[in-house]
Amino acid sequence: MVTPAVDTERGTAAPGPDAPSGDADTLAGAAPDAPARAARRGRTVRRVVAVVLLLLLVAVVWLGVRGLQVVQSLRSAAPEVAAVHAALAAADVDAASAHLPALQEHAGAALAGTRDPVWRAASSLPWLGPQLRAVADVTAALDLTATDVVPAVAELADVVRPDALAPVDGVVPLAPLVAA
């Protein structure tokens, strides 16, 4: 009878000196565990793949929802942009100021949708990223215009009226500009 020696480092049985040559695991009776280990490994791989695919699906759905929110906010901002532009072109500061809060709200909502971590991660993809970055840039420009530029222009237009800058005897009065 062959008695296997125990390998203390690996905790497995090793064949004795007069045992037939072959794999130590096979000789120690580990052969029935090999299919179980392979099955566990297969289940683990399937689970990992399923989790990755599920996360990818969630990211795609999330990106789609955020994209729809951004589009809706930008479409809602368009009439406000036109109204503010028309009011400022007509030097009607009050009308421009009346449309400004709605414009800022829509621009801020669009910008918030593009500042999302999933949006930013998807912006690094080679085939989708440039479009997402372009939308993010447009929303950032709209938000900057609505929060910083238009209020400053409206304030300046309120202080410095075109009739106040009309030349008098060939001289442009600078007092309104200095006051602004």
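Refer to the structure presented above.
In this report, we go over the structure that sits alongside the text. (Residues numbered from 1 in each chain as written. Predicted model: local features only at pLDDT ≥ 70, side-chain atom pairs only at ≥ 80, totals over all residues. Heavy atoms only, no water.)

1. A few points about the overall build of the protein chain
Then step 1. When its secondary structure is counted, the protein chain shows six helices and two strands.
Then step 2. From first element to last, N terminus to C terminus, the protein chain shows the α and β order β-β-α-α-α-α-α-α.
Then step 3. In the protein chain, buried positions account for 21% of the 180 residues.
Then step 4. Excluding contacts between residues fewer than 6 apart, the proportion of contacts in the protein chain whose partners are at least 24 apart in sequence is 48%.
Then step 5. With the model as given, the accessible surface of the protein chain reaches about 12,100 Å², and the carbon-plus-sulfur share is 66%. (Helix = DSSP H or I, 4+ residues; strand = E, 2+ residues; numbered from the N terminus. Buried < 20%, exposed > 50% of the residue type's maximum accessible area, 1.4 Å probe, protein only. Contact = heavy atoms within 4.5 Å. Areas by Shrake-Rupley, 256 points an atom, 1.4 Å probe, with all protein chains shown as cover.)

2. Things to note about the side chain of Asp 116
Then step 1. Structurally, Asp 116 can be placed in the loop between α3 (93-114) and α4 (117-122).
Then step 2. Reaching out from Asp 116, the side chain makes a polar contact with the side chain of Arg 66 at a distance of 3.5 Å.
Then step 3. Contact partners of Asp 116, with chain neighbours within four places excluded, come to Trp 62 and Arg 66. (Polar contact = N/O pair within 3.5 Å; in protein donor to acceptor, adjacent residues only side chain to side chain.)

3. A short note on the environment of Ala 134
Then step 1. Relative to the helices and strands, Ala 134 resides in helix α5 (residues 129-159).
Then step 2. On the accessibility criterion, Ala 134 (40% relative accessible area) is partly exposed.
Then step 3. Along the sequence, Ala 134 and Ser 123 sit 11 residues apart, while their C-alpha atoms lie 9.3 Å from each other.

The values are spatial; any link to function lies outside them.
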